[in-house]
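# Per-entry structural report
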Amino acid sequence: MADHPTKVDGARVLADLTALRAIGAYKTGVHRPTFSEPHLSSLKWLVDRLPQAGLAGEIDGIGNVLGISTKPGPKLLAGSHLESQNFAGWLDGPLGVVYALEAARVINPDPAIKGAVEVASWCDEEGHFGHFLGSRSFVGDITEEDIDAAHDRTDNRSMREALRAAGLAERRRVSAQRGRQIGYLEAHIEQGRTLESSGLGIGVVTSIVGIWQYRIIITGEQNHAGTTRMKDRRDAGLAAARLCVAIDDRFPAAADPRTVWTTGRITLDPGAPSIIPGHAEILFQIRDDNPALVERLEALLRETATEVATATGCSVEVECIRTGKPAMMDEKFQQAIEEAASDFAEGKSIRMPSGAGHDAQVLATIMPAGMLFVPSIGGISHHWSENTDDADIVRGAEVFVDACRRLLSN
Ligand code: GLV
Ligand code: MN
Ligand code: MN
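I will try to describe carefully the structure that is included in this document. (Residues numbered from 1 in each chain as written. Chains lettered and ligands numbered in written order. Predicted model: local features only at pLDDT ≥ 70, side-chain atom pairs only at ≥ 80, totals over all residues. Heavy atoms only, no water.)

### With respect to the overall build of the protein
Helices and strands together make up the secondary structure of the protein, namely twelve helices and 17 strands. Here the protein has a C-alpha radius of gyration of 23 Å; the compact-globule value for 410 residues is 22 Å, and the two agree. Its C-alpha atoms put the protein at 80 × 45 × 40 Å along the principal axes. (Helix = DSSP H or I, 4+ residues; strand = E, 2+ residues; numbered from the N terminus. Rg over C-alpha atoms; globule rule 2.2 N^0.38 Å.)

### A few points about the sheet that holds strand S11 (residues 260–269)
Read from one edge to the other, the open sheet built from four strands follows the order S11-S13-S9-S14, with strand pairing classed as antiparallel. Two strands close off the open sheet at either side, each with one partner strand: S11 and strand S14 (315–322). Taking the axes of each pair of neighbouring strands and ignoring which way they run, one obtains an average angle of 20 degrees across the sheet. Judged from the seven bridges that link them, strand S9 (residues 210–219) and S14 form a sheet pairing that is antiparallel. If you follow Ile217 over to S14, its bridge partner there is Glu317. (Pairing = 2+ DSSP bridges. Axes fitted to C-alpha atoms, helices over the stretch in contact; angles between N-to-C directions.)

### Some remarks on the coordination of the manganese ion (ligand 3)
The protein atoms donating to the manganese ion (ligand 3) are Asp92 (OD), Glu126 (OE), Glu126 (OE) and His382 (NE2), with metal-donor distances spanning 2.1 to 2.6 Å. Read in sequence order, the donor residues for the manganese ion (ligand 3) give the motif D-x33-E-x255-H. Taken as a pair, the manganese ion (ligand 3) and the manganese ion (ligand 2) show a spacing of 3.5 Å, with Asp92 coordinating each metal. Here Asp92 is found in the loop between strand S5 (75–80) and helix H3 (94–107), whereas its partner Glu126 is found in the loop between strand S6 (116–121) and helix H4 (133–138), with 34 residues between them in sequence. The class of Asp92 is buried, set by a relative accessible area of 4%. (Donors = N, O, S within 2.8 Å, 3.2 Å for Na, K, Ca; no water. Buried < 20%, exposed > 50% of the residue type's maximum accessible area, 1.4 Å probe, protein only.)

### What about the site of ligand 1?
Near ligand 1, the surroundings consist of Glu125, Glu126, Arg287, Ala356, Gly357 and His382. Glu126 places a side-chain nitrogen or oxygen 3.0 Å from an oxygen atom of ligand 1. Here an oxygen atom of ligand 1 and a side-chain polar atom of Arg287 are 2.7 Å apart. With the chains in place, 87% of the 200 Å² that ligand 1 exposes on its own is no longer accessible. Looking at the shell around ligand 1, its residues break down into one nonpolar, two polar and three charged. (Near = heavy atom within 4 Å. Polar contact = N/O pair within 3.5 Å; in protein donor to acceptor, adjacent residues only side chain to side chain. Areas by Shrake-Rupley, 256 points an atom, 1.4 Å probe, with all protein chains shown as cover. Nonpolar A, V, L, I, M, F, W, Y, C, P; charged D, E, K, R; others polar.)

### As for empty space enclosed by the protein
Evaluated as defined, the whole model comprises one cavity of 30 Å³ or more. Taken as a whole, the largest cavity spans an internal volume of roughly 30 Å³. (1 Å grid on protein atoms, 1.4 Å probe; cavity = no way out; pocket = protein on both sides within 12 Å on 5 of 7 lines; lining within 4 Å. Points joined across faces, edges and corners; volume = space filled by probe spheres on them.)

### Considerations on the coordination of the manganese ion (ligand 2)
At 2.0 to 2.2 Å from the manganese ion (ligand 2) lie its protein donor atoms, namely His81 (NE2), Asp92 (OD) and His188 (NE2). Expressed as a motif, the donor residue spacing for the manganese ion (ligand 2) is H-x10-D-x95-H.

### A look at helix H10 (residues 331–344)
Helix length check: H10, at 14 residues, gives a terminal C-alpha distance of 20 Å against a target of 20 Å (1.5 Å per residue), a fit within 8%. Within H10 the residues assigned to the buried category are Phe333, Gln334, Ala336, Ile337, Ala340, Ala341 and Phe344. Seen end-on, H10 carries its buried residues on one side only, within an arc spanning 160 degrees. Close packing links the buried residues of H10 with S5, strand S7 (181–189), strand S8 (202–208), strand S16 (349–354), strand S17 (369–374) and helix H12 (390–409). Between a side-chain oxygen at the N-terminus of H10 and the backbone nitrogen of Lys332 the separation is 3.0 Å; the capping residue is Asp330. Among the residues trailing H10, Glu346 stands out with phi positive, at a value near 50 degrees. (Expected span 1.5 Å × (residues − 1). Arc of directions from axis to C-beta. Contact = heavy atoms within 4.5 Å.)

### A few points about the pattern of salt bridges
Applying the stated criterion across every chain yields a total of 25 salt bridges. In this structure, the salt-bridge partner of Glu307 is Arg250, at a minimum N-O distance of 2.6 Å. Placement of the pair is Glu307 in helix H9 (residues 291–312) and Arg250 in helix H8 (residues 236–254), with a sequence separation of 57 residues. The exposure class assigned to Glu307 is partly exposed, which follows from its relative accessible area of 39%. For Arg250, a relative accessible area of 31% puts it in the partly exposed group. A salt bridge links Glu298 to Arg302, with the nearest nitrogen and oxygen atoms 3.0 Å apart. Pair noted here: Glu298 and Arg302 are both in helix H9, with a separation of four residues, about one helical turn. Taken together, the shared-partner salt bridges in this structure form one network comprising Glu339, Asp343, Asp402, Arg405 and Arg406. (Salt bridge = Lys/Arg side-chain N within 4 Å of Asp/Glu carboxyl O.)

By themselves, these observations are geometric and do not establish any function.
What follows is the structure in structure tokens.
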């Protein structure tokens, strides 16, 4: 055990997470999409708590909250996000925001610790309107035109309209003041099984995967499902299904063991039982930390699409709609987390890459960044049943706060 108490209040951390879980509760998880009423309430919840940590801040013009300290000395930025995927889990995002708040509550009033923790909640990490819009706005990677073009993927509401309805349209967007913070630290649930299956308490993130996304548009011929002979059909739905199966047959030989690919959505048009679909749209994603490998997979995707087009008589167009660079986590940050885990988690930590995307990969473009993971029960996430043991949550908070203290003391 460490000889320097962190004074983390585990009960307070659990109570905060439970309070956030009640905002937009759905089964044992939450439904808190970006700019929904529960999401805005959760941001207000955070703003109201910033003074407890000697911080001041408000919701900015893109839905970020940034709590700023006037304490002299180095500043460390810490946070995550408060919106959720639709009907999803209670810890994906809030865990990192509450740890950051706890670190600020412990460290900022303590005159023995130099400097302060500043707390951020980044808007739309879950990509309802775009991808990483909040953290990208902070680092200067979002234009007004990007905001004009952003629409909610569920109901197509424009981001401008959502900002107006939330009363945020006239607020300015807060940008990073270069050099203000020594770096960014984020905690998150692992969302996989590595920690749980090896009996470990803390993941020290080494890198965050890049995400590439594609829209595949298939055009066939809409026609009557009863009178059109099978040989005469150009069924866009069937072509979509064939493409998905062909991808899964071919990708493994060209991929690495950690490469993953997902067909997250197939939309058939018009989508009725008695009509052969004339159009299909597939949203397809590839994740890996090697851009050259993804380039090869993208070529294979296009080749497979051409073959499916020939076989089905449909046209198949592949459009790349998102390219994501992988991010490396800073070595000093990894060391600080490891040392904190050796004091507060009996050294039960492991260095590991992140297969999920996180705001830390955006912050890493302008400052040193690090991440720590706590175990996810059964590795489940992006589902309402997502959960982590209370003991793991509290241990993670102790490691996080101690890592913050170490980074500020360096
Ligand atoms: C973030 O939630 C991701 O999908 O990786
Ligand atoms: Mn998340
Ligand atoms: Mn998520």
